[in-house]
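Listed below are the residues making up each chain.
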Amino acid sequence: MFFQTIDILGTIAFAISGVLIAMNKRMDPFGVLIIAFVTAAGGGTLRDVMIGIEPVSWMKNMTFVYVIFGSVVFAVIFRKQIGYLRKSLFLFDTIGIALYTVVGIETGLIAGLHPIICIALGTMTACFGGVLRDILCNEIPVVFRKEIYATACILGGLTYFILRRVLGDENYSFIIAGLVVIFVRLIAVKFKISLPSLYRKE
């Protein structure tokens, strides 16, 4: 129940972030729905395919489909109340990657995978939906720029496995790991911390 709740919250956050960027691109209602769905379900779909879960999770549980539809309707109706576009998109995207990192790690643990693989799964679950969203919206994916994005997910994953040894409580470890992802992302953006560039300034 705990992880299903986290998964649903992550789905809502990513679906809303998809709606915001699609509406910023002035897409029609069908385009908005597709971008929201891809953003919310893309990472989990890749994760399930890689570890051999079939059919993928959202196909077996219609709750996630209904949640995405509901999130789209909510975001479209209350888009003005959600706030300024840039701040809202950043907020929901950050919450989404934190929650999906945790869900991806848990899925890897259930499959009996090595901690490093679990962290990789958590990172892919968190980032791949956003990658698809940005590609479909003709943007360079955030994860491929200098911004601290996937790095925050990796640090959150490492935090989880360290705390799991220290605390011995999975739920608290997952909550703290998710907060670490959010904290790292917020600090990186606030203080303009980024990965080093491979290219010389012209």
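Just so it is clear, the structure is predicted and the values come from calculations on it, not from any experiment. (Residues numbered from 1 in each chain as written. Predicted model: local features only at pLDDT ≥ 70, side-chain atom pairs only at ≥ 80, totals over all residues. Heavy atoms only, no water.)

This brings us to the side chain of aspartate 7. Its location among the elements puts aspartate 7 in helix H1 (residues 2–24). Buried within the structure, aspartate 7 lacks any salt-bridge partner; its nearest side chain of opposite charge belongs to arginine 47, at an N-O separation of 5.1 Å. Setting aside residues no more than four positions away along its own chain, aspartate 7 makes contact with Phe64, Tyr100 and Val103. (Helix = DSSP H or I, 4+ residues; strand = E, 2+ residues; numbered from the N terminus. Buried < 20%, exposed > 50% of the residue type's maximum accessible area, 1.4 Å probe, protein only. Lys, Arg positive; Asp, Glu negative; His and termini not counted. Salt bridge = Lys/Arg side-chain N within 4 Å of Asp/Glu carboxyl O. Contact = heavy atoms within 4.5 Å.)

This paragraph deals with the packing of helix H2 (residues 29–50) against helix H7 (residues 115–136). Relative to each other, H2 and H7 sit at 140 degrees, their axes nearing to 7 Å. The angle between H2 and H7 places the two elements in the oblique class. The interaxial crossing formed by H2 with H7 has right-handed handedness. The residues of H7 that touch H2, namely those facing Ile35, Val38, Thr39, Gly42, Gly43, Gly44, Leu46, Arg47 and Met50, are Leu121, Met124, Thr125, Phe128, Gly129, Leu132, Arg133 and Leu136. Each residue belonging to the contact of H2 with H7 can be placed in one class, and the counts come to 9 nonpolar, 6 polar and 2 charged. (Axes fitted to C-alpha atoms, helices over the stretch in contact; angles between N-to-C directions. Parallel < 35°, antiparallel > 145°, perpendicular 65-115°, else oblique. Left-handed = near helix turned anticlockwise from the far one by under 90°. Nonpolar A, V, L, I, M, F, W, Y, C, P; charged D, E, K, R; others polar.)

Along the chain, glutamine 4 falls in helix H1. Accessibility expressed as a relative area gives 34% for glutamine 4, which makes it partly exposed. Along the sequence, glutamine 4 and phenylalanine 64 sit 60 residues apart, while their C-alpha atoms lie 9.9 Å from each other.

A cluster of nonpolar residues, Ile154, Leu155, Leu158, Ile162, Val166, Leu167, Tyr172, Ile175, Ile176 and Leu179, forms a patch on the protein surface that exposes about 930 Å² of accessible area. Of all the secondary-structure elements, those providing two or more residues to the nonpolar patch are helix H8 (150–167) and helix H9 (170–190). A per-element tally of the nonpolar patch places H8 first, with 6 residues. Since its relative accessible area comes to 38%, isoleucine 154 is described here as partly exposed. (Patch = residues over 30% accessible without salt bridge, like charges linked within 9 Å, V, L, I, M, F, W, Y side chains within 5 Å. Areas by Shrake-Rupley, 256 points an atom, 1.4 Å probe, with all protein chains shown as cover.)

Structurally, glycine 108 can be placed in helix H6 (residues 85–110). The buried category is assigned to glycine 108, whose relative accessible area is 0%. Distance from glycine 108 to threonine 5, taken between C-alpha atoms, is 18 Å for residues 103 residues apart in sequence. In contact with glycine 108, other than residues within four places in its own chain, are Leu113, Cys118 and Leu121.

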